[in-house]
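Structural description and commentary
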Amino acid sequence: MSPSWVDAILAAGVVPACYVPEASVGRTDLEEFTGADAVEDPELRVHSLVGARALAPPGVGFLDGIEQWRVVGYAGVTPIVRAYVAAAIRLRGADRRPRTIAEDAAELAITRLDRLPEAVRAALAGTGVRVVEISADDAGQPARALTAARVEVQKARAALKRRLAERRLTALGPDEWLVMDGVLSDSPTLSAHPRALGVVKSHGAEYFAGAELERALTLPAVHRTSVFRPTRRGARREIYSWYLRLWPWEGNDLLYGLLRVEARAHPDTVALASRVSAWLLDERAPLATPDRRWDRLLYAIHDVETYLRARAPRDLIPHPASRLPRTGS
């Protein structure tokens, strides 16, 4: 069932639509950093984790978020997008049973208000839904408008995750850790915490070239790279990072089973890098199937996503449907 604000704009003259995009492939970090500085070794090296003693925190909070959106209508050629973002933290304690300790969700409309008729703007204002505007240049072309809408949805999801994570850090026990799907470097609070980890599945940024790039992308399973410092760009926060291969890539793809880990920029991070990596290797089981990203998706993160999707609006879930015109028969 559509929310009241969608019914209101349709009643005001918006032409209904039903475009549901494919599932997001996740945020890329292509523009976040350029290059890397050596930290652990003079140049990027490969470190075996065979025999490494895994860190075993008594309590771990796993945080992830989801985004769902679809075009609900058009005012002329200007799309109006309904978006839903949510995030949650599931805490796993000594009994190994995860339980939800924090969650948040938000719904928003994405469009360009000055391209909408007055009646439609009034309908949106009357419902109180949060409206996020795309640029005037993007609004003029439907394809560009949808790309801009996707960016706004991703930004809303990232902001929700960041707020939830920062609130959790204030209540984190002395032996508890927080593992977040995605980057830490958006937040000074997360970047500086000694027991916060970011686990990055997408690899839009390449920090190395030549032999170092080849070492990173052909990293064997159960190995990690040296810890390095991504070169900051703009307002990004200083962090340490390294690559970790969960599963053999041979016969699959260079990025198969490859994670990038983020942690605070501190000597203790280097000292713990192998123990943390061995711990994350243990998190491979059980497998996060049938998710198509299972080779890079820790099961505990998959559990958070599953929880969130079960609570998301049903009408925003993509499903196969015919685009043939409907008839009266």
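Residues numbered from 1 in each chain as written. Predicted model: local features only at pLDDT ≥ 70, side-chain atom pairs only at ≥ 80, totals over all residues. Heavy atoms only, no water.

1. What to know about the overall build of the chain
The cut-off we apply is this: Numbering of helices and strands starts at the N terminus; helices are DSSP runs of H or I of at least 4 residues and strands are runs of E of at least 2. The globule rule used for comparison is 2.2 Å times the number of residues to the exponent 0.38, while the radius of gyration itself is calculated over C-alpha atoms. The buried label applies to any residue whose accessible area, calculated with a 1.4 Å probe on protein chains only, is under 20% of its type's maximum; exposed applies above 50%, and partly exposed to all values in between. Here, residues are in contact when the closest pair of their heavy atoms is within 4.5 Å.
On a plain count of helices and strands, the chain comes out with eight helices and 13 strands. For the chain, whose C-alpha radius of gyration is 22 Å, the value lies close to the compact-globule estimate of 20 Å for 329 residues. Along the three orthogonal principal directions, the C-alpha set of the chain runs to about 65 × 45 × 40 Å. Burial status across the chain gives 49% buried among its 329 residues. For the chain, the share of sequence-separated contacts (at least 6 apart) that also reach a separation of at least 24 residues comes to 67%.

2. As for the environment of T231
Looking at where T231 falls in the secondary structure, it is placed in the loop between β11 (228-230) and β12 (239-245). Judged by relative accessible area, T231 falls into the partly exposed class, the value being 26%. C-alpha separation for the pair T231 and A12, spaced 219 residues apart in sequence, amounts to 50 Å.

3. Quick word on the nonpolar core
For clarity, the cut-off: Throughout, nonpolar core names a set of buried Ala, Val, Leu, Ile, Met, Phe, Trp, Tyr and Cys residues whose side chains join them through atoms within 4.5 Å.
Residues L197, V276 and W279 are the most contacted members of the largest nonpolar core, which totals 35 residues. Mapped by element, the contributors of at least two residues to this core are β4 (59-75), β5 (78-92), β8 (176-181), β9 (196-200), β12, β13 (258-264), α7 (267-282) and α8 (299-311). Leaving out residues up to four positions away in the same chain, W279 has contacts with A54, L55, P57, V60, R92, W177, V179 and L197. Within the second largest apolar cluster, 29 residues are counted, among which are L63, A83, L146 and V153.

4. A word on the environment of E43
This is how the line gets drawn: Here a polar contact is taken to be a pair of N or O atoms separated by no more than 3.5 Å, where protein atoms must pair a possible hydrogen donor with a possible acceptor and residues adjacent in sequence count only if both atoms sit in side chains.
By the secondary structure assignment, E43 is in the loop between β2 (36-38) and β3 (46-48). As a C-alpha pair, E43 and S226 span 183 residues in sequence and 8.0 Å in three-dimensional space. When residues no more than four places from it in sequence are discounted, the contact partners of E43 are E212, R215 and S226. In this structure the side chain of E43 is engaged in a polar contact, spanning 3.1 Å, whose partner is the side chain of R45. A distance of 3.3 Å separates a polar atom in the side chain of E43 from a polar atom in the side chain of R215.

5. A short note on unusual backbone geometry
Cis geometry is adopted by the peptide bond preceding P286, which originates at A285 and carries an omega value of -5°. Inspection of the secondary structure puts P286 in the loop between α7 and α8. Of the consecutive residues T289 and P290, the connecting peptide bond is found in the cis state with omega at 10°. Mapped onto the elements, P290 comes out in the loop between α7 and α8. Its identity is not glycine, yet R96 carries a phi of approximately 70°, on the positive side. Here R96 shows up in the loop between β5 and β6 (98-111). Its identity as a non-glycine residue notwithstanding, V222 has a phi of 60°, on the positive side. Tracing the chain through its elements places V222 in the loop between α6 (210-217) and β10 (223-225).

6. Digging into the packing of aromatic side chains
Convention followed: Any pair of Phe, Tyr and Trp rings, taking the six-membered ring for Trp, is counted once the centres come within 6.5 Å. Such a pair is stacked with planes under 30 degrees apart, edge-to-face with planes over 60 apart, and tilted for the rest. For a ring to carry a charge above it, either NZ of a lysine or CZ of an arginine must fall within 6 Å of the ring centroid while also lying within 35 degrees of the normal to the ring plane.
On inspection of all chains with the given rule, the structure shows six aromatic pairs. Counting every residue linked through ring pairs, the aromatic cluster contains Y207, F208, F228 and Y243. Positioned above the aromatic ring of W247 is the side chain of R284, whose terminal nitrogen or guanidinium carbon lies 4.6 Å from the ring centre.

7. Remarks on the side chain of E176
Looking at the secondary structure, you find E176 in strand β8. Here R168 takes part through its side chain, which lies 2.7 Å from a polar atom of the side chain of E176. If we skip the residues at most four places from it in the chain, E176 touches G59, L91, R168, A171 and R195.

8. As for the pattern of salt bridges
What counts, and what does not: The term salt bridge refers to a side-chain nitrogen of Lys or Arg lying within 4 Å of a carboxyl oxygen of Asp or Glu.
Enumeration according to the criterion identifies 25 salt bridges in this entry. Here R45 and E43 are joined by a salt bridge, their closest N and O atoms 3.1 Å apart. By relative accessible area, which is 40% here, R45 ends up partly exposed. On the accessibility criterion, E43 (31% relative accessible area) is partly exposed. Note that D104 and R167 form a salt bridge whose closest N and O atoms lie 3.9 Å from each other. Pair noted here: D104 is in strand β6 and R167 is in helix α4 (residues 142-169), with a separation of 63 residues, a long-range link. Within this structure, D64, K161, D181 and K201 form a network of salt bridges that share partners.

9. Considerations on the pairing of β6
Defined as follows: When DSSP finds at least two bridges between two strands, those strands are taken to pair.
Pairing geometry for β5 and β6, over 12 bridges, is antiparallel. From the neighbouring strand, R82 faces β6, where its bridge partner is A109. Between the end of β5 and the start of β6, which pair antiparallel, lie five residues, with R96 showing a positive phi angle near 70°.

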